[in-house]
Amino acid sequence: MNMNNYIKKRRSLFIITGILIIAIISISIYVYNDKNKETTSIQEQDLSITYNISKDQSSPMDATNGITNAPLSTIKIKNNKSYQQKYQLTISSDEKSTLELNKVYIYINGEVKTLQDFNNNNYTDTIKSNEEKIISFKIWVGSDLINQEDEDKVVSLKYDIKKQD
């Protein structure tokens, strides 16, 4: 009788340990798959915005290689109002960035430009009432735009969607 109780306790302990190991592995896989993406949701009165910005550290590429190899980022915008609204996307350097925007490419709407040119042209669009739009783009440092002086510089960007009046 004593041996049967001992075996039942060991079997229970073995099952609990197995479940814990499976749970830890599942959580680890989930965290690993999401580690290179930063997702932020912002709820404004007029627009709901979800930023899904890739944080992959890719090496500098020329314009052609960047189109196919740079990581994809998205911004989802939802109009919460019953009327259409105009919005503007701005991408700028933050305080950590040391590389100029004219040395960073963006691929958006089938075009490749430097971030400086992108911001000078002000990306604006209109969103209909209760509509949802997704802006997809790729950003990378241009290997053909940098030189030796840029070797230890860092790119750190801010993304901003503003409602236009």
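Structural notes, computed from the coordinates. (Residues numbered from 1 in each chain as written. Predicted model: local features only at pLDDT ≥ 70, side-chain atom pairs only at ≥ 80, totals over all residues. Heavy atoms only, no water.)

1. Examining the environment of lysine 158
Threshold: For the purposes of this entry, the term helix denotes a DSSP run of H or I that reaches at least four residues, the term strand denotes a run of E that reaches at least two, and both are numbered from the N terminus. Every residue pair with non-hydrogen atoms within 4.5 Å of one another is taken to be in contact.
Locating lysine 158 in the fold gives a position in strand S9 (residues 157–164). Apart from the residues lying within four places of it in its own chain, the contact partners of lysine 158 are Thr90, Ile91, Ser92, Ser93 and Asp94.

2. Concerning the packing of aromatic side chains
Note the threshold: For this analysis, a ring pair means two rings from Phe, Tyr or Trp (six-membered ring only for Trp) whose centres lie within 6.5 Å, classed as stacked if their planes differ by under 30 degrees, edge-to-face if by over 60, and tilted for the remaining angles. A 1.4 Å probe rolled over the protein chains alone gives each residue an accessible area, and that area as a share of the maximum for its type sets the label: buried under 20%, exposed over 50%, partly exposed in between.
Scanning the entire structure with this criterion turns up 3 aromatic pairs. For the pair tyrosine 105 and tryptophan 140, a centre-to-centre distance of 5.6 Å together with 40° between the ring planes defines the contact as tilted. Taken as a pair, tyrosine 105 in strand S5 (residues 104–108) and tryptophan 140 in strand S8 (residues 132–141) lie far apart in primary sequence, 35 residues in all. For the pair tyrosine 105 and tryptophan 140, one class covers both residues: buried.

3. Quick notes on the pattern of salt bridges
Rule in force here: Definition used for salt bridges: Asp or Glu carboxyl oxygen within 4 Å of a side-chain nitrogen of Lys or Arg.
One pass over the structure, following the stated rule, counts 6 salt bridges. Of the charged contacts in the structure, one is a salt bridge between lysine 133 and aspartate 125, with a shortest N-O distance of 2.9 Å. What makes aspartate 125 partly exposed here is its relative accessible area of 26%. A salt bridge links lysine 162 to aspartate 160; its shortest N-O distance comes to 3.7 Å.

4. Details of the nonpolar core
Threshold: To qualify as a nonpolar core, a set must consist of buried Ala, Val, Leu, Ile, Met, Phe, Trp, Tyr and Cys residues joined through side-chain atoms within 4.5 Å.
Among the nonpolar cores identified, the biggest contains 24 residues, and Ile75, Ile135 and Ile161 are the most heavily contacted of them. Looking at this core, the elements with two or more residues in it are strand S2 (47–54), strand S3 (72–79), strand S4 (85–93), S5, helix H3 (115–121), strand S7 (123–127), S8 and S9. Here this core gets 4 residues from one element, more than from any other, and that element is S2. Setting aside anything within four residues of it in sequence, one finds isoleucine 135 in contact with Ser73, Thr74, Ile75, Ile77, Tyr87, Leu89, Ile108, Tyr123 and Ile161.

5. Comments concerning the sheet that holds S7
Put simply, the rule reads: One requirement defines pairing of two strands: DSSP has to find at least two bridges between them. Between N-to-C directions, angles span 0 to 180 degrees; the directions come from axes that are lines fitted to C-alpha atoms, helices contributing only their stretch in contact.
Read from one edge of the open sheet, 3 strands run S7-S4-S9, paired in antiparallel fashion. Each edge of the open sheet is held by one strand with a lone partner, namely S7 and S9. Ignoring strand direction, the axes of neighbouring strands in this sheet form an average angle of 25°. Direction of pairing for S4 relative to S9: antiparallel, over a ladder of 8 bridges. Residue serine 93 lies in a different strand from S9, and its bridge partner there is leucine 157.

6. Observations regarding the pairing of S3
Every second residue of S3 is oriented toward a common face, the buried set being Ser73, Ile75, Ile77 and Asn79 and the non-buried set Leu72, Thr74, Lys76 and Lys78. In this sheet, S3 lies alongside S2 in antiparallel orientation, the contact comprising 6 bridges. The residue of S3 that forms the bridge with tyrosine 51 is isoleucine 75. For S3 and S8, the ladder comprises 7 bridges, and the chain directions are antiparallel.

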